[in-house]
Amino acid sequence: MTDTAEEVSRIGSRWQPGPDGLLLDVRDLQVEFRTREGVAKAINGVDFDLYEGQTLAILGESGSGKSVTAQAIMGILDSPPGFVTGGTVEYCGTDLLKLPESRRRTVRGPEISMIFQDALSALNPVFPVGWQIAEMFRKHRGMNRSDAMREAVRLMERVQIPGAQQRAKAYPHQFSGGMRQRIMIAMAIALDPAILIADEPTTALDVTVQAQIMQLLADLQDERKMGLILITHDLGVVADVADRIAVMYAGRIVEQADVFDLYANPGHPYTKGLLESIPRVDLKGQELSAIGGLPPNLLAIPPGCPFHPRCRYAQDVCKDGAPPPLREVGRNRYAACHFAEDVLREGAHQ
Amino acid sequence: MTEAATEQSIAPVGDVPSASAGRSEWSAAWVELRRKPLFWVSAVLIVIFVAMAVAPQLFTHTDPRYANLADAFKKPSTHGPLFGMDRQGRSVYARTIYGARASLSVGLLATVATTILGMIMGLLAGFFGGWVDAILQRIGEIFFTIPLLLGGILFLYKFPTSVDAPLIVQVLKIVFVLALLGWPNIARLMRGAVLQVKPSDYVQAAKALGAKPGRIIFSHILPNALAPVIVVATINLGVYIAAEATLSFLGIGLQDPAISWGSDISDASGLGEITAAPHMLLFPSLFLSLTVLAFILLGDAVRDAFDPKLR
């Protein structure tokens, strides 16, 4: 359903994606946390771009920097202790990092929006959910209360909340986890953003609900041509919806490829390890292979390739010097490993 | 799709809840309050006491300052002086009724002043943190270390109230000193609550959806940090009325022609009076306790009404 007023405001705004539909261009992003114990380098040069209608999954363990990346793009990093120390985040050709906070705030919500892992704690407990969604329209669009409420109910129906009219008056704690996440999604898409960042949107939900939420996100994205950044540690979640996957490790993207290529044949030992650690029915009875060791302490990232202490391909070359750069190792795929070709070749033979 | 078609397609949605659900949190809290018996008990008590303060003539025709020494220490009785007579033969009933004005004004104004001042300071300290927090906290601690009564005595001795000053001036002076010394209590509480609420995901989420700092404070932090402040503020109301009593007892609070529960309680607390005429102590104390109780109950009911989880 198109709203004429929305279309006008969108065309009238100065944010126009590039001719090829490029929305977001992140280059060499660096974030560090200055703590009492020292400086934790949470993100060390992250590059990616996002096009209209594209879904980019950022995959990684906890502490790999995927949520911090999202916060840095949104500009909601807790500062101090978090500081963006380098790089650019260009949205429709404008570097967001150079905008003053007041300008940047106008990007959040109407242009780039975000949903969080735990929708219960991400909704204000003292206000009815309908009121919270309506507030988006009232504050950003200047609607009056009853118009805003009508829009909110319509949006709640769009995210498939049964009995939306009655439920609009209910409070967050009166909803199930899946319904809460739908409400969070409704709030996030209320202003028709060009980019939606979903930070582990299904982690707190059970599996059947996970699938419904992912389907909803995919539908909404189709309908609105949003760019979607999906942050997750769950390989199962991304397989169906993502177009492209960026795997993060210790604040770096270690592999970036289209989803099919990456699943069919990973190009980085870490990705390979992740894929092998998914339990598979056809391998029942065999020991599940897990990646040994722990992710590095960000206060003291090992020299060389940060993954080398846990890597079965590691050679002397991996152990010191600069970390291997992200380089093209195949058609439209990138990996940051000295032995990416070996990993790929080995995978192709299996 | 045209505007009209859009309107039409959502028409069935539009006509039901918008009016009721569009209203704010206040109306929801009011609906909830109306259902609570405790709210009505406290509200009725408060209305009675406020009526006493505003129009004591409605409750008694006796002049509270009329003294007849022949009646001194007369016991309460149903067919004489209802609450008995005090040391100077003044009607305890009339004095208790007339005392509501000074006591309630001191209690309410001091509570409002400390709460507003404390909330602002606590919010600023908790929300902005850093050096703002450090400075506000140190200032608060300076006042915090001065005991309420000692500070009050020092201030009122330094700036004594003349006997001729109108009641409102006397009251405001006491309120000023109580607020000056009482706000750090509320500020600390508020700061703690804000620090607890600030890192929550919904504050982050509000930022991520483009909320301005003002809206984050007033829509997200304040409503979620208010509960402990309401409770403590209502309890403090009694403390302030009692502090006024003590200051008046020391002769530096309200000056004599002024009538307050506090000063009457002080008058009745002499060793001789307690044994000879316990009713002199009983009735003003009873009214004081009922007032404090009524406000505490109201505070409790209001706090519960604003917590959706208790609905």
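Everything numeric in this text was worked out from a predicted model, so none of it was measured. (Residues numbered from 1 in each chain as written. Chains lettered and ligands numbered in written order. Predicted model: local features only at pLDDT ≥ 70, side-chain atom pairs only at ≥ 80, totals over all residues.)

Draft legend 1. Local environment of the overall build of chain A. Along its length, chain A carries 14 helices and twelve strands. Projecting the C-alpha coordinates of chain A onto the three principal axes gives extents of approximately 65 × 50 × 45 Å. Counted over contacts in chain A with a minimum sequence separation of 6, partners at least 24 positions apart contribute 65%. (Helix = DSSP H or I, 4+ residues; strand = E, 2+ residues; numbered from the N terminus. Contact = placed C-beta atoms within 7 Å.)

Draft legend 2. Main features of unusual backbone geometry. All names here are of chain A. In this structure, D28 takes a positive phi of about 50° despite not being glycine. Summarising the element assignment, D28 is placed in strand 1 (residues 22–35). Judged by the 12 C-beta atoms lying within 10 Å of it, D28 is exposed. You will see that N332, though not glycine, has its phi angle at about 60°, which is positive. (Buried ≥ 20, exposed ≤ 12 C-beta atoms within 10 Å, placed from the backbone.)

Draft legend 3. A look at the sheet that holds strand 5 (residues 94–95) of chain A. Residue and element names in this part refer to chain A. Here we have four strands laid out as an open sheet, ordered 2-1-4-5, and antiparallel in their pairing. Single-partner strands in this sheet number two, and they are strand 2 (38–51) and strand 5. Across eight bridges, strand 1 lies against strand 4 (residues 82–91) in antiparallel orientation. Bridge pairing in strand 4 links V31 to V84. (Pairing = 2+ DSSP bridges.)

Draft legend 4. Structural context of helix 9 (residues 201–208) of chain B. Among the eight residues of helix 9 of chain B, seven are classified as buried, and the element is accordingly described as predominantly covered. G210 of chain B occupies a position one or two residues after helix 9 of chain B and carries a positive phi of about 90°.

Draft legend 5. Up close: the environment of R224 of chain A. Within the secondary structure, R224 of chain A sits in helix 9 (residues 207–224). In this structure, the C-alpha to C-alpha distance between R224 of chain A and A300 of chain A, residues 76 residues apart in sequence, is 43 Å.

Draft legend 6. Just the packing of helix 9 of chain B against helix 10 (residues 213–225) of chain B, in detail. All names here are of chain B. The contact between helix 9 and helix 10 brings their axes to 10 Å, and the two run at 150°. Relative to helix 10, helix 9 is oriented roughly antiparallel. For the crossing formed where helix 9 meets helix 10, the hand is right-handed. Residue-level inspection shows Y202, V203, A206 and K207 of helix 9 in contact with helix 10, the latter providing I216, H220 and I221. Residue composition of the contact of helix 9 with helix 10, by class: five nonpolar, one polar and one charged. (Axes fitted to C-alpha atoms, helices over the stretch in contact; angles between N-to-C directions. Parallel < 35°, antiparallel > 145°, perpendicular 65-115°, else oblique. Left-handed = near helix turned anticlockwise from the far one by under 90°. Nonpolar A, V, L, I, M, F, W, Y, C, P; charged D, E, K, R; others polar.)

Draft legend 7. Seen up close, the UniProt feature "domain: ABC transmembrane type-1" (unreviewed entry) in chain B. The positions UniProt marks with the feature "domain: ABC transmembrane type-1" (unreviewed entry) are residues 100–299 of chain B. Secondary structure across residues 100–299 of chain B divides into 84% helix and 0% strand, with the first and last C-alpha atoms of the span separated by 20 Å. (UniProt positions renumbered as here; feature names shortened; annotations may be inferred.)

Draft legend 8. Quick peek at the confidence of the model for chain A. All names here are of chain A. Summary statistics for chain A give a mean pLDDT of 83 and a share of 95% for residues scoring 70 or more. Across chain A, element-level confidence peaks in strand 9 (residues 244–249) with a mean pLDDT of 91 and bottoms out in helix 1 (residues 4–12) with 43. Taken together, the stretch residues 1–12 has pLDDT below 50 and engages in seven contacts with residues farther than four places along the chain or on a different chain. (pLDDT = per-residue confidence, 0-100.)

Draft legend 9. Quick peek at the UniProt feature "domain: ABC transporter" (unreviewed entry) in chain A. Here the UniProt feature "domain: ABC transporter" (unreviewed entry) sits at residues 26–275 of chain A. The span residues 26–275 of chain A carries 41% helix and 28% strand; its end-to-end C-alpha distance comes to 26 Å.

Draft legend 10. Layout of the sheet that holds strand 9 of chain A. Residue and element names in this part refer to chain A. Here we have eight strands laid out as an open sheet, ordered 6-7-8-3-9-10-12-11, and mixed in their pairing. Sheet topology places strand 6 (112–115) and strand 11 (327–330) at the edges, where each strand pairs with a single neighbour. Averaged over all pairs of adjacent strands, the angle between strand axes in this sheet comes to 25°, irrespective of strand direction. In this sheet, strand 8 (residues 227–232) lies alongside strand 3 (residues 55–59) in parallel orientation, the contact comprising five bridges. Note on strand 8: the bridge partner recorded for L59 is T232. Where helix 2 (residues 66–74) meets the sheet, it contacts strand 3, strand 6, strand 7 (195–199), strand 8 and strand 9, and its direction lies at approximately 145° from that of strand 7.

Draft legend 11. Representation of the pairing of strand 11 of chain A. Residues and elements named next belong to chain A. Note: strand 11 against strand 12 (residues 333–335), three bridges, orientation antiparallel. Across the sheet, the residue bridging to E328 is Y334, located in strand 12. Here strand 11 folds back onto strand 12, and the loop between the two strands holds two residues, one of which, N332, carries a positive phi near 60°.

Draft legend 12. Highlighting helix 12 (residues 261–268) of chain B. Residues and elements named next belong to chain B. Within helix 12, seven of the eight residues are buried, which leaves the element mostly enclosed by the surrounding structure. Among the residues of helix 12, those classed as buried are W261, G262, S263, D264, I265, S266 and A268. Looking at the buried residues of helix 12, the elements they touch are helix 5 (92–128), helix 11 (227–249), helix 13 (271–276) and helix 14 (278–306).

Draft legend 13. How the structure looks around the pairing of strand 10 (residues 252–258) of chain A. Residue and element names in this part refer to chain A. Judged by how many residues are buried, strand 10 sits mostly within the fold: six of seven residues are covered. In this sheet, strand 10 lies alongside strand 9 in antiparallel orientation, the contact comprising six bridges. Counted as the bridge partner of M248 is I253 from strand 10. Linking strand 9 to strand 10, which pair antiparallel, is a turn of two residues; within it A250 sits at a positive phi near 50°.

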